[in-house]
Amino acid sequence: MTREEKAQVIEALTAQLAENPTIYLADISGLDAGSTSNLRRACFKANVKLAVVKNTLLAKAMEAAEKDFGELPTVLKGNTSIMLSETGNAPAKVIKEFRKKSEKPLLKGAFVEEAIYVGDDYLDTLVNIKSKEEVIGDIVGLLQSPAKNVVSALKSGGGKIAGILKTLSEKEG
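Residues numbered from 1 in each chain as written. Predicted model: local features only at pLDDT ≥ 70, side-chain atom pairs only at ≥ 80, totals over all residues. Heavy atoms only, no water.

**Student:** Whenever I open this one, the pattern of salt bridges confuses me. Can you help?
**Tutor:** When charged atoms on two side chains of opposite charge get close, those side chains can pair. Enumeration according to the criterion identifies 4 salt bridges in this entry. K104 is the partner of D27 in a salt bridge, and the nearest nitrogen-oxygen pair spans 3.4 Å. In this pair, D27 sits in strand β1 (residues 22–27) while K104 sits in the loop between α4 (90–98) and β4 (106–112), placing the two residues 77 residues apart along the sequence. Looking at K104, the relative accessible area reads 18%, which means it is buried. (Salt bridge = Lys/Arg side-chain N within 4 Å of Asp/Glu carboxyl O. Helix = DSSP H or I, 4+ residues; strand = E, 2+ residues; numbered from the N terminus. Buried < 20%, exposed > 50% of the residue type's maximum accessible area, 1.4 Å probe, protein only.)

What follows is the structure, given as structure tokens:
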């Protein structure tokens, strides 16, 4: 690979690191062709981009990126694949599901919404991270709850002010 080609790869990786809020580093070495194909298919279905990268080039891309990857570059040893996603827990779910049938992929580390996780021990933690959409859904549900109480009070109170007030006071007590 020429210097120019390396520079182009680093530039492309730097752009990918900048564009994606979720970056996982995994070890998929030892997977046979069929398993690798199945993993790629699972990633595609979960809207996760998977690519094998050279550690030195990825390390240079991380240095060039505007994000602070903390100790994440220290895991760049051996075989490294990068998993990119818009959803924080999608790559973790793919890894966890895939590991029901295989020992790999191993989670080396992750960068999720500016938080850094190093090591396979964090897989379950990452699976349980809620996406922005899930958190917004939870908040909307919580905000709707008082409105639902008022609506049910209106219905059970028979539409009369005294009945509505009585029902609401019973709900508060």
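**Student:** Can you help me understand a nonpolar patch on the surface in this one?
**Tutor:** On the surface, a nonpolar cluster with roughly 270 Å² of combined accessible area is contributed by V135, I139 and L143. One can find L143 in helix α6 (residues 132–156). (Patch = residues over 30% accessible without salt bridge, like charges linked within 9 Å, V, L, I, M, F, W, Y side chains within 5 Å. Areas by Shrake-Rupley, 256 points an atom, 1.4 Å probe, with all protein chains shown as cover.)

**Student:** Could you clarify how one ought to interpret the side chain of N89 in this entry?
**Tutor:** Relative to the elements of secondary structure, N89 occurs in the loop between β3 (80–85) and α4. N89 has contacts with Y24, L126, V127, I129 and E134, leaving out every residue within four places of it along the chain. (Contact = heavy atoms within 4.5 Å.)

**Student:** Honestly, α4 in this entry has me stumped. Any pointers?
**Tutor:** Within α4, the full set of buried residues consists of A90, P91, A92, V94, I95 and F98. Looking at the packing, one finds that the buried side of α4 touches β1, α2 (33–45), β3, β4 and α5 (123–127).

**Student:** Help me out: how do you make sense of the sheet that holds β1 in this one?
**Tutor:** Strand pairing in a sheet relies on backbone hydrogen bonds. The paired strands run either parallel or antiparallel. Read across the sheet, 5 strands follow the order β2-β3-β1-β4-β5 without closing on themselves; strand pairing throughout is antiparallel. Edge positions in the sheet fall to β2 (49–53) and β5 (115–118), since each of these pairs with one other strand and no more. Strand-to-strand twist in this sheet, taken as the mean axis angle between neighbours without regard to direction, amounts to 20°. Sheet topology places β2 next to β3; 5 bridges connect them, and they run antiparallel. Across the sheet, residue K49 finds its bridge partner in β3, namely L84. Contacts from helix α3 (residues 55–64) reach β1, β2 and β3 within the one sheet, and its direction differs from that of β3 by about 40°. (Pairing = 2+ DSSP bridges. Axes fitted to C-alpha atoms, helices over the stretch in contact; angles between N-to-C directions.)

**Student:** Help me understand the nonpolar core in this model?
**Tutor:** As a rule of thumb, nonpolar side chains are buried together in soluble globular proteins. Within the largest apolar cluster, 21 residues are counted, with the highest numbers of intra-cluster contacts made by Y24, L39, C43, M83 and L126. For this core, the secondary structure elements donating two or more residues are β1, α2, α4, β4 and α5. Top element by residues in this core is α4. It accounts for 5 residues. Ignoring any residue separated from it by four or fewer positions in sequence, one finds L39 in contact with I28, L31, L50, V94, F98 and P105. (Core = buried A, V, L, I, M, F, W, Y, C linked by side-chain atoms within 4.5 Å.)

**Student:** Honestly, the packing of aromatic side chains in this entry has me stumped. Any pointers?
**Tutor:** Summed over the entire model, instances satisfying the criterion amount to 2 aromatic pairs. Taking 4.9 Å as the distance between ring centres and 55° as the angle between the ring planes, the aromatic pair formed by F69 and F111 counts as tilted. Of the two residues, F69 sits in the loop between α3 and β3 while F111 sits in strand β4, which places them 42 residues apart along the sequence. Each member of the pair F69 and F111 is classed as buried. Plain terms: the ring middles of Y117 and Y122 are 5.5 Å apart, the flat faces sit at 65° to each other, and that makes the pair edge-to-face. Taking relative accessible area as the criterion, Y117 reaches 16% and is therefore assigned buried. Under the relative-accessibility criterion, Y122 is labelled partly exposed at 37%. (Phe/Tyr/Trp six-rings, centres within 6.5 Å; stacked < 30°, edge-to-face > 60°.)

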